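Each chain is listed here by its residues.
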Amino acid sequence: MPVIYRLKSLPRGHKVALGLLSAAMVVLIMMPTEPAVASRDRSDIPLSNALQDKRQPLEMEVEDLPVVDDHLPVREQMVKVSRGDTLSSIFARQGLSSALLHDISQLGAHAELLRKIHPEERLTFSFDRKGHFAGLSYPLDAARTLDIRQSGTELRSRIISVKLEHRTQYAQASISSNFWGAGVSAGLSPGKIMSLAAMFAWDLDFGLDIRAGDHFAVLYDQRYKDGILVDTGHILAAEFINQGKVYRAVRHDDGNYYSPEGRAMRKSFLRAPVNFSHISSNFNPRRLHPVTGQVKPHRGIDYAARTGTPVVAAGSGVVVESGYSRFNGNYVVIRHDRTYLTKYLHLHQRMVKKGEKVKQEQQIGTVGATGRVTGPHLHYEFLVNGVHKDPKSVDLPQAAFLSRSELARFRPKADKLLAQLSKVSEVMLANN
Ligand SMILES: [Zn+2]
């Protein structure tokens, strides 16, 4: 039975219990990030400067009046972007001048952000007590808002960042029938299940190697704003026990995953050139040849999958053959270097040409049933110096290590995360 245990810990972030606008006003003062200024003489701007110039010292005895900022926003108007909207059509609907739009377009990189508005996004305009433009805010993502303010005769813009609260979530499961089902029972989203498989895709063939009793545990990050989940973050660390063998990986701040020792999880070859979520049945290595009925040495691995399923290059290299034969059907051969060659047979579609360079994980075709077969599947062969090998057991080129200085930064964080991972595992086991 898959088991679920979750831990709400590490309340690293401060809970920002402010509405977007009020937070915006506060941070506006505190975080002067990426400011940009555009100014222009406009006849409709005026008064505060002119008034201040007239406050002469000869009236010193008069009590100082509070300075009235004419640009203080007193009214807000939220606009939802519709299909076909442009910034200029939105401005026109708000009764805002093209001169203002022109000024905003002078705000450099910030103006560029506004050019990328999409349907369903929201722009919030604010107006001063005279009904003049006072500001515009545009949320870029859960944490960042572009804020443009009228300040005297100038426009000022900046990106306001709100600190999101991070919570580390924990999930684990033992696999009873299949990996996907276990992931779902552990409370992982489809995206997280795919990410978890992707972390170990160079070590494990998730289509064929997963067995009942395999187990995984994951720590991942979720971001909250005002107590509401706004963004599901990355997997921070994970452990996968496959047929008794333990695989562990931790995310480094370069965005890649490394073993606890600092070896890159990414290697020269994927374990399977078809995504596990498409593979429909396990391969029996001692099967009779489906057409001839004879037990025949099978020099490859068969991945049963629906016609049309994407087939990717197991490693980067050059396509040395892309053709058709009576037995192989549509097939592609990739040379990775002097030593390694991979073959992909019975394709429905070939998507690369002879001589073409391909990258690891690049789609080269689709699963099909061409050639001498009884049903759609990918027949995959792995050759080392011209000899067929089992890609699961063959020695493969070693993955790169983190540099000494990177390792020094990686290790303390990795140790902490892995300790956390085993600690929550123990708590879970104790509770069971
Ligand atoms: Zn085969």
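Along each chain, residues carry numbers from 1 onward, in the same order as the chain's sequence is written. Reporting of local features is limited, given that this is a predicted model, to residues whose pLDDT is at least 70; pairs of side-chain atoms are given and counted only at 80 or more, and all residues count toward the totals for whole chains, interfaces and linings. Neither water nor hydrogens contribute to the side-chain values; these are computed over all heavy atoms in the structure.

- As recorded in an unreviewed UniProt entry, the chain goes by Peptidase M23 and comes from Oceanisphaera arctica.
- According to the UniProt record, the Cofactor (unreviewed entry) comment for the chain is "Zn(2+)".
- UniProt positions are given in the numbering used here, feature names are shortened, and annotations may be inferred rather than shown by experiment. UniProt's Subcellular location (unreviewed entry) comment on the chain is quoted here verbatim: "Cell envelope".

**Looking at the overall build of the chain**
Right, on to step 1. The helix count covers DSSP runs of H or I at least four residues long, the strand count covers runs of E at least two residues long, and both are numbered beginning at the N terminus. Across its full length, the chain carries eight helices and 21 strands.
Right, on to step 2. By residue count, 44% of the 432 residues in the chain fall in the buried class.
Right, on to step 3. Per element, the accessible surface of the chain, about 23300 Å² overall, is 53% carbon and sulfur. Burial status follows relative accessibility: with a 1.4 Å probe on protein chains alone, a residue under 20% of its type maximum counts as buried, one over 50% as exposed, and anything between as partly exposed. Throughout, the Shrake-Rupley method with a 1.4 Å probe supplies accessible areas, and for residues the shown protein chains are the sole cover considered.

**Considering helix H4 (residues 98-105)**
Right, on to step 1. Those residues of H4 that sit buried are Leu100, Leu101, Asp103 and Ile104. Seen end-on, H4 carries its buried residues on one side only, within an arc spanning 160 degrees. The arc in question is the one spanned by the directions pointing from the helix axis to the C-beta atoms.

**Focus: the pattern of salt bridges**
Right, on to step 1. Counted as salt bridges are all cases of a side-chain nitrogen of Lys or Arg within 4 Å of a carboxyl oxygen of Asp or Glu. Overall, the coordinates contain 14 salt bridges when judged by the stated rule.
Right, on to step 2. Between aspartate 85 and arginine 93 there is a salt bridge whose closest N-O contact spans 3.1 Å.
Right, on to step 3. The class of aspartate 85 is buried, set by a relative accessible area of 16%.
Right, on to step 4. Between aspartate 141 and arginine 144 there is a salt bridge, with its nearest N and O atoms 3.0 Å apart.
Right, on to step 5. Note on aspartate 141: relative accessible area 36%, which makes it partly exposed.
Right, on to step 6. When salt bridges that share partners are traced, they join Asp253, Glu406 and Arg409 into one network.

**Observations regarding the packing of aromatic side chains**
Each aromatic ring pair is specified by the distance between its two centres and by the angle formed by the two planes.
Right, on to step 1. The rule is short: rings of Phe, Tyr and Trp, with Trp giving its six-membered ring, pair when the centres are within 6.5 Å, and they are stacked under 30 degrees, edge-to-face over 60, tilted in between. One pass over the structure, following the stated rule, counts 15 aromatic pairs.
Right, on to step 2. Aromatic pair phenylalanine 269 and phenylalanine 382: ring centres 5.0 Å apart, planes at 80 degrees, arrangement edge-to-face. Taken together, the residues phenylalanine 269 in the loop between strand S11 (257-258) and strand S12 (279-281) and phenylalanine 382 in strand S20 (residues 377-384) connect sequence positions 113 residues apart. In terms of burial, phenylalanine 269 and phenylalanine 382 fall into one category: buried.
Right, on to step 3. Ring pairing ties together the aromatic residues Phe179, Trp180, Phe200, Phe206, Phe216, Phe240 and Phe276, which thus form one cluster.
Right, on to step 4. Two limits define a charge over a ring: the Lys NZ or Arg CZ must be within 6 Å of the ring centre, and within 35 degrees of the ring normal. Positioned above the aromatic ring of tyrosine 224, the side-chain terminus of arginine 167 is 3.7 Å from the ring centre.

**Focus on the sheet that holds strand S7 (residues 165-174)**
Sheet strands pair via backbone hydrogen bonds, and the direction of the pair is either parallel or antiparallel.
Right, on to step 1. Spatially, five strands are ordered S7-S8-S9-S10-S11 in an open sheet, and the strand pairing comes out antiparallel. Each edge of the open sheet is held by one strand with a lone partner, namely S7 and S11.
Right, on to step 2. Note on definitions: a residue-residue contact is assigned when non-hydrogen atoms from the two residues lie within 4.5 Å. Working convention: axes come from line fits to C-alpha atoms, limited for helices to the stretch in contact. Angles between N-to-C directions cover 0 to 180 degrees. Strands strand S8 (215-225), strand S9 (228-242), strand S10 (245-251) and S11 of the sheet are contacted by helix H7 (residues 190-199), whose axis makes an angle of about 40 degrees with S9. Only strands that DSSP links by at least two bridges are regarded as paired with each other.

**Some thoughts on the confidence of the model for the chain**
Right, on to step 1. A score from 0 to 100, pLDDT tells how confident the predictor is in each residue. Overall, the prediction assigns the chain a mean pLDDT of 81, with 78% of residues at 70 or greater.
Right, on to step 2. Note that residues 39-65 has pLDDT below 50 and, in this model, 21 contacts with residues that lie over four places away or in other chains.
Right, on to step 3. Counting interchain partners and residues more than four positions distant, the pLDDT-below-50 stretch residues 282-289 has 14 contacts.

**What about the pairing of S7?**
Right, on to step 1. Of all 10 residues in S7, eight are buried; the element is thus mostly enclosed.
Right, on to step 2. Inspection of the sheet shows S7 paired to S8 by 10 bridges, in the antiparallel sense. The partner of tyrosine 170 across the bridge, within S8, is leucine 219.

**A look at H7**
Since there are 3.6 residues in each turn of an α-helix, residues three or four apart along the chain are aligned in direction.
Right, on to step 1. All buried positions along H7 are accounted for by Lys192, Ile193, Leu196, Ala197 and Met199. Looking straight down H7, one finds its buried side chains confined to an arc of 160 degrees; they lie on one side.

**Some points on unusual backbone geometry**
Right, on to step 1. Positive phi, normally seen in glycine, also occurs at glutamine 243, with a value near 50 degrees.
Right, on to step 2. Of note in this structure, histidine 346 is not a glycine but carries a positive phi near 65 degrees.
Right, on to step 3. Along the chain, histidine 346 falls in strand S17 (residues 340-350).
Right, on to step 4. For histidine 346, a relative accessible area of 6% gives the class buried.

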